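Per-entry structural report
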Amino acid sequence: MLSVSNVTKRFGGLVAVSDASLKVDQGRIVALIGPNGAGKTTLFAIIGGFVTPDSGRIQFEGRDITGMPPHAICRLGLTRTFQIVQPFAGLTVRENIAIGAHLRHRGRAEALERAAIVGEQVGMGPLLDQPAQSLTVAGRKRLELARALATEAKLLLLDEVMAGLIPSEITEIVATIRKIRDSGVTILLIEHVMQAVMSLSEEAYVLNQGRMIAHGTPAQLVADPTVIEAYLGHGAAERLKQESDNA
Amino acid sequence: MKTTSFGEWVLYGGICAYLLTLLVMPSQLWLGFTINALIVAILSVAWNLLGGFGGQMSFGHAALFGTGAYVTAMLQVRWGINPWLAAVAAIVAATAVAGFIAALSFRYGLRGSYFALVTLAFAEVLRILASSFEISGGGQGILVPYKAGLANFQFADRSTTYALVLFLVVVAMLITLAVQRSRFGAYLIAIRENEEAAKALGIDTFRTKVLAMMLSGAIGGAAGVAYLQTYLFIDAPIAFGSTMSIEALLGPIIGGAGTVWGPLVGTLIIHGLGETAKHLVSGAPGLNLVLYGVVLMVILRYLPDGIVGLARRIGPRRAAPTAMPEDR
Amino acid sequence: MWSLVLPAILGGLTTGAIYALVALGLTLIYGVLHIINFAHGSLLMLALYGVYFLYAILGIDPYLALLIVVPVFFVLGYVLQRGVISVFSLGKEQNVLLVTLALAIIIDNLALYFWTSDTRTISLPYAYTMVEIGPAFIPLPRVIAFVAALVAAVILWLIMSRTRLGKAIRAVAIEKRGAELVGIDVDHTYAMCFGIGTACVAAAACLLLPTFYVTPQVGYAFVLVAFTTVVLGGMGSFMGALVSGLLLGVIEALCGLFLGESLGQIGIFLAFILILLFRPSGLFGRRAA
Ligand SMILES: Nc1ncnc2c1ncn2[C@@H]1O[C@H](COP(=O)(O)OP(=O)(O)O)[C@@H](O)[C@H]1O
Ligand SMILES: [Mg+2]
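Anyway, here's the lowdown on the structure attached to this text. (Residues numbered from 1 in each chain as written. Chains lettered and ligands numbered in written order. Predicted model: local features only at pLDDT ≥ 70, side-chain atom pairs only at ≥ 80, totals over all residues. Heavy atoms only, no water.)

The next point concerns the coordination of the magnesium ion (ligand 2). Residues and elements named next belong to chain A. Those protein atoms acting as donors to the magnesium ion (ligand 2) are Thr41 (OG1) and Gln83 (OE1), and they sit at 2.0 to 2.1 Å. A residue pair is termed long-range when its members are at least 10 positions apart, and Thr41 in helix H1 (residues 40-47) and Gln83 in the loop between strand E6 (78-80) and helix H3 (93-101) qualify at 42 residues. Look at Thr41 and you get partly exposed, because its relative accessible area is 29%. A residue is classified by how much of its surface remains accessible, and Gln83, at 29% relative accessible area, is partly exposed. (Donors = N, O, S within 2.8 Å, 3.2 Å for Na, K, Ca; no water. Helix = DSSP H or I, 4+ residues; strand = E, 2+ residues; numbered from the N terminus. Buried < 20%, exposed > 50% of the residue type's maximum accessible area, 1.4 Å probe, protein only.)

See the structure below:
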């Protein structure tokens, strides 16, 4: 469904993404992991059309989308969320989600109706008429997800939607994401919370210093001590084992 | 859906009552003042579409107003074209100028202070051009010969002019209302609130902003036409000078940016204040402008949602704070 | 041909020096801190009146007036930023735009009320002492202004690169929150910046008045030119502002020469539009990120 081939992006002297490739098949939940500054968000920005790569190609459903503007990519059915949440601060939750819904629904009333449905779906039902400004971190992360979902995307790119959440909130949002996938949406997610990666995704890529250094099932990656020690920091292997035992 | 608060009823009701009273009981004294304020209000409504809803603050809306006025005047006086036709051409021209400015500015990603400055610069370029060429009347400006009559788009009777200008204000506000209730309006607001997020959700922000500016140009051009047909005179400082650009944004910001009523409310209130000041301290040119400046600062500090925002908070208001994005 | 163009260029350079002087203050305010100050021209106008009255009433020479006007305007700028602009704008960028616009309207029209729209000039004994430079004769005050522009640019550059205040200003410009965390008084730094910028305007007024005039509207003509100079100079570079001020003076002079006097300024505004569109980082600036 999505194929990223040999993408490179430099910011001045810094190579943020270097010759990175990945593939996402329809109907799957794929994770992209790696330490801070690895270039994950930059890769998302490239896929979403926000940043033009210096070289490499992005294909979505067999179509070359490299260099297309973000709105056009979104219309094809690929929507990203932002790691640093970007709410429409002055609008309510319902109005926020409705902006996403408008992509496929022209009428105002219709979009607002869709917004309510999507809001319920991600568990924001009671918050629909709150101003987006007043939401907690968890609420804002959920709102990112809801807005993207409302565009009726075929592929969602979720950038750390669980960062900063407490465990109970994570459990909830993990369930929500799984539900979304079951409704037929493919998901590529960046995640730091390993527990979530382990329980959600069937497949993961590891990015480090811009390079794609490993690919496999989370279980395989966890078992790969070189990956863990080198790229998730010392002691990570132990931590991961504990987390996966708990999950 | 959106409900109207007690304060809003009083505010809008008061304004409607005043405007309608003047329609049935014309008073020369009030007519002169109100016609002038309403013409500015049309331009304010135009500014509000892009500046209020879309968050792109132009400091050069005089470019659109002036184009409307100059094109009507030049077509009539230089080439003897029928004023109604000239008016249509002027509105088209102002729309085109708006589209040109917006396409250039937004193509290169100008926003915030850069957009404000580039629009101001465009207005200045037009001002210098208009005052430098024979065909646009040079430094003298253009005087349209007085020939009252419907065919000439001139009216001997001030209250007819008033009715016409009032009609234009109503049309402009209805356009705003339609925008506010449409996807286009929602997109504009999304761009104002967060342009990156808007892009991510599939909004063609460039196209949306350019279209808003063009719509703004059409309405701003109409304001210029109305000005010319009312006063039958235009020169470069009036048409393209900073005063008109400033007046265009004062109304919406004082009245309430991004609302349907804001531009009219704001314009009428500051013009009313200015007029009062003029009468109290006679022979003091510019003192009304000092007052505008003070009011602007006070509003920015204490009423960020303008007077309409204040009215909304007054009195009971049935629940359901849902719906229209206008309720920010 | 050259006999016309060369004097025009020299004349343009001296006008450009004035543009640069006016823009140097704005470079600090807008270029470095991104406070868009529409009242910059109005402050220049106020300073011009200050210099005018000091001469007309007390007989103080404009160059001597530097010692009075510059400190007074420094304080005025500091107070304006700290007590008015930041208070009324609630710290929002787009409100700053509007607050300074409001200030400009208020100052300009108060000046009109108190001092009428009369054009005022002073006549100094040495105002028309000519200095021969190549093929052209330039009034002495213009030459002084030219040298002063150079000196002012160097002083500002020294303040920015060599003093604690300069460091604080640069820190605040890059990262407001971060600067706060390491103990920099952000409000004070902003106000100092505004104060210095305003002091520059006052200095420009002292150097300008001997060969110029003052009316309540005089500031407006300088506002857009000053913004143009700052952007062209690369937003925050003093040397850039100096060079671009001179360049704009020459552009204006040449446009005036070839297109006619009234179209002179159009060159500046067209240059501005082109710069904003195609090279917003300025001619001399680093590429914008
Ligand atoms: N617009 C930009 N300009 C310059 N450097 C950038 C930009 N965006 C990201 N970077 C740099 O690229 C690297 C990768 O960042 P990012 O993609 O955010 O990493 P991650 O999401 O994996 O934490 C970092 O070193 C970051 O500082
Ligand atoms: Mg990231």
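A separate point is the nonpolar core. Within the largest apolar cluster, 210 residues are counted, with the highest numbers of intra-cluster contacts made by Phe59 of chain B together with Tyr30 and Phe38 of chain C. Sort the elements by how many residues they give to this core and helix H2 (residues 28-53) of chain B lands first, with 14 residues. Discounting residues that sit within four places of it in the chain, Tyr30 of chain C has contacts with Ser113, Tyr114 and Leu117 of chain B together with Ile35, Ile36, Phe227, Val230, Val231 and Met235 of chain C. Counting residues in each nonpolar core, the second largest holds 47 residues, with Ala111, Val118, Val197 and Ala204 of chain A among its members. (Core = buried A, V, L, I, M, F, W, Y, C linked by side-chain atoms within 4.5 Å. Contact = heavy atoms within 4.5 Å.)

This part is about the interface of chain B and chain A. Listed by partner, the interface residues are 24 residues for chain B and 28 residues for chain A. Across the interface of chain B and chain A, roughly 2200 Å² is buried in total on both sides, 63% from carbon and sulfur atoms. On the chain B side of the interface with chain A, the three residues burying the most area are Arg183, Ala200 and Leu201 of chain B, jointly 29% of the side's total. At the surface where chain B touches chain A, the tally comes to zero salt bridges. The tally of links from chain B across to chain A stands at five residue pairs in polar contact (both at pLDDT 80 or more). Contributions of two or more residues to the side of chain B that touches chain A are made by helix H7 (183-193) and helix H8 (195-200) of chain B. (Buried area = accessible area lost by both parts, 1.4 Å probe. Salt bridge = Lys/Arg side-chain N within 4 Å of Asp/Glu carboxyl O. Polar contact = N/O pair within 3.5 Å; in protein donor to acceptor, adjacent residues only side chain to side chain.)

Before going further, it helps to spend a moment on the packing of aromatic side chains. Here a ring pair, both rings aromatic, is described through the centre-centre distance and the interplanar angle of the planes. Considering all chains together, one arrives at 21 aromatic pairs over all chains under this definition. When the centroid spacing of 4.7 Å and the interplanar angle of 50° are considered together, the rings of Tyr227 of chain B and Tyr231 of chain B count as tilted. Taken together, the positions of Tyr227 of chain B and Tyr231 of chain B, both in helix H9 (residues 205-231) and four residues apart, correspond to about one turn of that helix. The buried category is assigned to Tyr227 of chain B, whose relative accessible area is 12%. Consider the rings of Tyr49 of chain C and Phe53 of chain C, whose centres lie 6.0 Å apart with planes at 20°: the pair is stacked. (Phe/Tyr/Trp six-rings, centres within 6.5 Å; stacked < 30°, edge-to-face > 60°.)

With that out of the way, let us pick up the interface of chain C and chain B. Contacts between the two partners involve 39 residues from chain C and, on the opposite side, 38 residues from chain B. Contact between chain C and chain B buries roughly 3700 Å² in total, counting both sides, with carbon and sulfur atoms accounting for 82%. If you sort the residues of chain C by the area they bury against chain B, Phe88, Leu98 and Leu277 of chain C come out on top, with a joint share of 17%. At the junction of chain C and chain B, the tally comes to three residue pairs in polar contact (both at pLDDT 80 or more). Counting only elements with at least two residues in the side of chain C that touches chain B, the list comes to helix H3 (62-89), helix H4 (93-115), helix H9 (218-232) and helix H11 (264-278) of chain C. The biggest single contributor to the side of chain C that touches chain B is H4 of chain C, with 15 residues. Considering only residue class, the side of chain C that touches chain B consists of 33 nonpolar, five polar and one charged. (Nonpolar A, V, L, I, M, F, W, Y, C, P; charged D, E, K, R; others polar.)

This brings us to the state of the cysteines. Residues and elements named next belong to chain C. Tallied over the full model, the rule gives zero disulfides over all chains. With no disulfide partner, Cys193 has as its closest neighbouring cysteine sulfur the one in Cys200, 10 Å distant. For Cys193, a relative accessible area of 0% gives the class buried. (Disulfide = S-S within 2.5 Å.)

All names here are of chain A. Surveying the vicinity of ligand 1 reveals the residues Phe11, Leu14, Ala16, Pro35, Asn36, Gly37, Ala38, Gly39, Lys40, Thr41 and Thr42. Thr41 is positioned such that a nitrogen or oxygen atom in its side chain is 2.7 Å from an oxygen atom of ligand 1. Side-chain polar atom of Thr42 to an oxygen atom of ligand 1: 2.5 Å apart, as the coordinates give it. Protein chains bury 59% of the 560 Å² of accessible surface belonging to ligand 1 in isolation. Of all the secondary-structure elements, those providing two or more residues to the shell around ligand 1 are strand E2 (14-24) and H1. With three residues, the top contributor of residues to the shell around ligand 1 is H1. Per-class residue counts for the shell around ligand 1 are five nonpolar, five polar and one charged. (Near = heavy atom within 4 Å. Areas by Shrake-Rupley, 256 points an atom, 1.4 Å probe, with all protein chains shown as cover.)

Turning next to the pairing of E2 of chain A. Residue and element names in this part refer to chain A. Bridge count for strand E1 (residues 2-11) against E2 is seven bridges, and the pairing is antiparallel. Directly across from Ser3, in E2, lies its bridge partner Lys23. Taken together, E1 and the strand that follows it, E2, pair antiparallel across an intervening segment of two residues, in which Gly12 is found at a positive phi of about 60°. (Pairing = 2+ DSSP bridges.)

Residue and element names in this part refer to chain C. At a minimum axis separation of 9 Å, helix H5 (residues 140-162) and helix H10 (residues 238-259) run at an interaxial angle of 160°. As judged from the angle between their axes, H5 and H10 are roughly antiparallel. The chirality of how H5 crosses H10 is right-handed. On H10, the residues touching Phe146, Ala149, Leu150, Ala153, Val154, Leu156, Trp157 and Met160 of H5 are Phe238, Met239, Leu242 and Leu246. Grouping the constituent residues of the contact of H5 with H10 by class yields 12 nonpolar, no polar and no charged. (Axes fitted to C-alpha atoms, helices over the stretch in contact; angles between N-to-C directions. Parallel < 35°, antiparallel > 145°, perpendicular 65-115°, else oblique. Left-handed = near helix turned anticlockwise from the far one by under 90°.)

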